[in-house]
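The chain contents come next:
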Amino acid sequence: MKVSSKHNYAVYIDDVDFNHMTDDQWMEIGKIHMNNLVTIIRDCNVEPNEVTNWVTKWGPLRYSGMLNICSHYPGVPAKEVISKAIRSDPSIKPEHVDVIKQRFKTKGPNGTQRVTDIKDKRGDYTGIFPDGELKWHSNEAGNHIFAPGVALLGNQNMKGSSTGFLETATFYENVSESFRSELDDMVVIHRHKPGMLHVKDLGEQDEMMRINMNPEPESYIPMVIQSPGGIKGMHYSINTVDGIVGMSKAESDKLFQDINMGLHSFKWDHWYENDNDWLFFDNSITNHRRLGDIPGRLAFRIQQGYDNIQIKDYNPYFQKEHADIYDTKLNELNTFMAENFD
Ligand SMILES: [Fe+2]
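Owing to the predicted nature of the structure, the values given are computational and were not obtained by experimental measurement.

Chemist: It is not clear to me how the overall build of the protein should be interpreted in this structure. Could you clarify?
Modeler: Each helix and strand in the protein was counted, giving 10 helices and 16 strands. Over its C-alpha atoms the protein spans a radius of gyration of 19 Å, differing by no more than 12% from the 20 Å that the globule rule assigns to 342 residues. If one aligns the C-alpha atoms of the protein with their principal axes, the spans along those axes are about 55 × 45 × 40 Å. Here the protein holds 342 residues, and the buried ones make up 39% of them. The contacts of the protein with a sequence gap of at least 6 include a subset with a gap of at least 24, amounting to 79%.

Chemist: What is the right way to read the sheet that holds strand β9 (residues 219-222) from this model?
Modeler: Sheet strands pair by backbone hydrogen bonding; their relative direction is either parallel or antiparallel. The strand order β9-β8-β12 describes an open sheet built from three strands, whose pairing is antiparallel. In this open sheet, the two strands that pair with only one neighbour each are β9 and β12 (241-244). Averaged over all adjacent pairs, the angle separating strand axes in this sheet is 35°, with direction ignored. Judged from the four bridges that link them, strand β8 (residues 187-190) and β9 form a sheet pairing that is antiparallel. Residue V187 lies in a different strand from β9, and its bridge partner there is P222.

Chemist: Explain the nonpolar core to me, please; I cannot follow it from the model alone.
Modeler: Across soluble globular proteins, nonpolar side chains show a tendency to be buried alongside one another. Within the largest apolar cluster, 66 residues are counted, with the highest numbers of intra-cluster contacts made by L37, A151, L153, M234, Y236, F281 and A299. Apart from residues lying up to four places away in sequence, L153 is in contact with V46, P48, V51, W278, A299 and F300.

Chemist: How do you make sense of unusual backbone geometry when you look at a structure like this?
Modeler: Glycine aside, residues mostly have negative phi angles, and peptide bonds mostly take the trans form. Even without being a glycine, Y9 presents a positive backbone phi close to 60°. Inspection of the secondary structure puts Y9 in the loop between β1 (2-7) and β2 (10-14). Under the C-beta neighbour-count criterion, Y9 is labelled buried, with 24 such atoms within 10 Å. In this model, S88 sits at a positive phi of 55°, which is unusual for a non-glycine residue. Along the chain, S88 falls in the loop between α4 (78-86) and α5 (94-105).

Chemist: It is not clear to me how the environment of Y272 should be interpreted in this structure. Could you clarify?
Modeler: Topologically, Y272 is positioned in the loop between β13 (267-271) and β14 (278-282). Residues Y272 and L333, 61 residues apart in the sequence, show an inter-C-alpha distance of 35 Å. Setting aside anything within four residues of it in sequence, one finds Y272 in contact with G154, M158, K159, S161, S162 and D277.

Chemist: Teacher, can you tell me more about the pairing of β2 here?
Modeler: For a regular strand, side-chain orientation follows a simple rule: the groups alternate between the two sheet faces. Here β1 pairs with β2 via five bridges, running antiparallel. Residue pairing for β2: S4 is matched across the bridge by Y12. Where β1 hands over to β2, the hairpin turn is made up of two residues, of which Y9 adopts a positive phi near 60°. As judged from the four bridges shared by β2 and strand β3 (residues 38-41), these two strands associate in the parallel manner. Note that in β3 the partner of A10 across the bridge is V38.

Parameters and conventions
Residues numbered from 1 in each chain as written. Predicted model: local features only at pLDDT ≥ 70, side-chain atom pairs only at ≥ 80, totals over all residues. Helix = DSSP H or I, 4+ residues; strand = E, 2+ residues; numbered from the N terminus. Rg over C-alpha atoms; globule rule 2.2 N^0.38 Å. Buried ≥ 20, exposed ≤ 12 C-beta atoms within 10 Å, placed from the backbone. Contact = placed C-beta atoms within 7 Å. Pairing = 2+ DSSP bridges. Axes fitted to C-alpha atoms, helices over the stretch in contact; angles between N-to-C directions. Core = buried A, V, L, I, M, F, W, Y, C linked by C-beta atoms within 7 Å.

Set out below in structure tokens:
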């Protein structure tokens, strides 16, 4: 196994063989990933149906969308909501039917989700983010319990496209002390803006993105948080932030402009030279994007936590009120998952 530094908080790992991978070696890769924000195993021979198995050794899958939907149907078990939605039962709101059907249509092997523009015989997309480029964002940005990490395994036609990253830690470390303490006190307002992520029209999948990104009409989340590995940076999803608490629109727009300019020099894109690179990226203080509109591109994605490798007693938030919201909401999600899916 060869580890080389790519950018600040980013490493490439080569010569990894999953036919001979041991748990110890895998946890060692996890520790390397915790000290960074982006880890890319190049030319990786892991099978798509083994992805969930390996990643959940680091921490459990994390997705709040089903809880958000089910909270509209108190007393109805999640499996019943799902089966009713699949049958387009009128007791389930049409937007929830769409989201649940989309999630089923885009299922990949063993708990993964397909990211692709490939269509089925009926002409429906079999993956999320079907085509086109994606602007800078982090997933579920407007949710206190956003997924801490994303794992994306390339499968076919990846060459000619890229996944890009923009970490905010170096910027945060390098600004003046007075600006840093202003950032520490800021709370960012997140709102859904249709078309905020896609360059092309997202059509029927826009609602799925809204429920994923911003389940509430508005949410308030501290600007400065820490990654599961304890790296301090900004929870600043560039194309989905919409204001700062206590600032006028003009003031927050100006601030966003300044920050975006400062962050500019930390962006980079991983242009695929292999169809089977496996990318692990932080989703707390790091933005990602996609460039290169390649037809027939297929990757498998999961979102997960790092409970088994993160720093002790991890909580992303330094502001007590938000640390408490995180604990309450995560507890609620874990209870919901255990009651409905275990
Ligand atoms: Fe994303």
